[in-house]
Amino acid sequence: LPQLLQRLSQATGCERVVDVGAGQGHLSRFLSFGLGLSVTAVESDARLAGLAQRFDQELLRELHKTGGTGHGGHPQRRPLTPRAPRHVPGRLDPAAPWGELLLPPNPPELGPAAQNPLGGPGGSEDGGLHACGDLSPALLRHFARSPAVAAMASVGCCYMKVSVAPQPPGCPSPGYPLSATVAALPGHQLSYRAREAACHALEEFEGRLRRGSAHLRAHCYRATLESIICGAHPGKRHLGVQVGRKAHTLSFPQYARLGLPQAGLDPAGVPLDSGAVGAMLEQQHKVVAFCTLGQLLAPVVETLVLLDRLLYLREQGFHCALVPLFNPLFSPRNVALVAARTPLDTVLAGLDWDSEEGDSS
């Protein structure tokens, strides 16, 4: 991704980048310190923004110690630029005009330093974007109506959280479908289950199947826990219960005691060692088979979502492309939607996505 953004900067003559949903600022830090770009990092979670600023300061101290290289003066590495990203607290307002797209973070008022980085009073005159999550559709719309933004790169994820048509009255426009082309296709609708499956890592799952990995146990645990939750409260579905990355190392009672409170249920009131629970846990092979079918269809769903976004931008007259940036074994969300107001031939020519496989961004 840094290589792609550097090429976009060179092709458009724009050295200002806005990283929306910057998290701990790893990408922003690489672009500013490593490539010398002027970066504004926008993040709504104050805790993550604080961590990002702390990491920036640690890197600045390291640069001071090493005389500005940050890597002990290694002759084959590009010297780092002692320019930290500018951090702005804020959330994106999907319905706002392009010059007023930021909302307060959570929920204190924004000060003067948090003025819109894309334009308007105190803002930059041009810029570039990258985004992920349900943030992506809103950013695509902002990009389409923001004449100050030269280009953008967006990496999608969390498709199950994207709003879909039809939306209740008064709600923002749906995040899927965006394009008139896909909206006109019969049967284009995507269920929550289909969109959730599209977020999984097919390559990693295949490896677990071949090894008979204990990680597969977590799928049965999750299905059993959802059955228990829905049995107690039929309306509680798709709650996104998160027990932890090592859930497969737990017994099911341990797993359920961590997950039930997240659904508002008291584990003490649920018989976790009943015959019914045991019978569900014995169906692990069927659960894994079902998950495998979902994994096989997942790339089709993700492709439809990404093509919908690309077609939306093409309908607005932009030059755009879907670019695989690195090996999906490194990260399953490896496809970036790139768009610009000028042709992308020089940006995409000879782009070696394998060269970024080990990149921390």
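Residues numbered from 1 in each chain as written. Predicted model: local features only at pLDDT ≥ 70, side-chain atom pairs only at ≥ 80, totals over all residues. Heavy atoms only, no water.

Draft legend 1. Focus on the pattern of salt bridges. In the structure shown here, the tally under the stated rule is six salt bridges. With a shortest N-O distance of 2.7 Å, Asp 56 and Arg 29 are connected by a salt bridge. In this pair, Asp 56 sits in helix α3 (residues 46–65) while Arg 29 sits in helix α2 (residues 26–34), placing the two residues 27 residues apart along the sequence. Taken as a pair, Asp 56 and Arg 29 share a single burial class, namely buried. Among the salt bridges present, the one from Glu 206 reaches Arg 210, with a minimum N-O distance of 3.0 Å. Taken together, the residues Glu 206 and Arg 210, both in helix α7 (residues 202–211) and four residues apart, mark about one turn of the helix. Accessibility expressed as a relative area gives 39% for Glu 206, which makes it partly exposed. (Salt bridge = Lys/Arg side-chain N within 4 Å of Asp/Glu carboxyl O. Helix = DSSP H or I, 4+ residues; strand = E, 2+ residues; numbered from the N terminus. Buried < 20%, exposed > 50% of the residue type's maximum accessible area, 1.4 Å probe, protein only.)

Draft legend 2. Just helix α11 (residues 284–315), in detail. When the terminal C-alpha atoms of α11 are compared, their 46 Å separation across 32 residues agrees well with the 46 Å that a helix rising 1.5 Å per residue should span. Of all the bends in α11, the greatest reaches close to 35° and is centred on Leu 297; the proline Pro 299 follows between one and four positions later. (Expected span 1.5 Å × (residues − 1). Bend = angle between axes of the 7 residues up to and from the residue.)

Draft legend 3. Region of the structure containing the side chain of His 188. With respect to the helices, strands and loops of the structure, His 188 is situated in the loop between α5 (180–183) and α6 (192–197). Using a relative accessible area of 12% as the deciding quantity, one classes His 188 as buried. Only 3.5 Å separates the side chain of His 188 from the backbone oxygen of Val 182, close enough to count as a polar contact. A polar contact is formed between the side chain of His 188 and the backbone oxygen of Leu 185, at a distance of 2.8 Å. Here His 188 is in contact with Tyr 176, Pro 177, Val 182, Ala 183 and Leu 304, once residues within four sequence places are set aside. (Polar contact = N/O pair within 3.5 Å; in protein donor to acceptor, adjacent residues only side chain to side chain. Contact = heavy atoms within 4.5 Å.)

Draft legend 4. Highlighting the pairing of strand β1 (residues 16–20). With four of five residues buried, β1 is to be regarded as a mostly interior element. Two elements, β1 and strand β2 (residues 38–43), share five bridges in a ladder whose sense is parallel. Each residue of the ladder has a partner; that of Val 17, found in β2, is Val 39. Taking the sense of rotation as the criterion, the β-α-β connection linking β1, α2 and β2 turns out right-handed. (Pairing = 2+ DSSP bridges. Right-handed = clockwise from strand over helix to strand, strands pointing away.)

Draft legend 5. Just the packing of aromatic side chains, in detail. According to the stated counting rule, one finds four aromatic pairs in the structure shown. Between Tyr 221 and Phe 252, the aromatic rings sit 5.5 Å apart at their centres with planes inclined by 65°, giving edge-to-face as the arrangement. Placement of the pair is Tyr 221 in helix α8 (residues 217–232) and Phe 252 in helix α9 (residues 252–259), with a sequence separation of 31 residues. In terms of burial, Tyr 221 and Phe 252 fall into one category: buried. Ring centres of Phe 252 and Tyr 255 lie 6.2 Å apart, and the angle between their planes is 25°; this geometry places the pair in the stacked category. (Phe/Tyr/Trp six-rings, centres within 6.5 Å; stacked < 30°, edge-to-face > 60°.)

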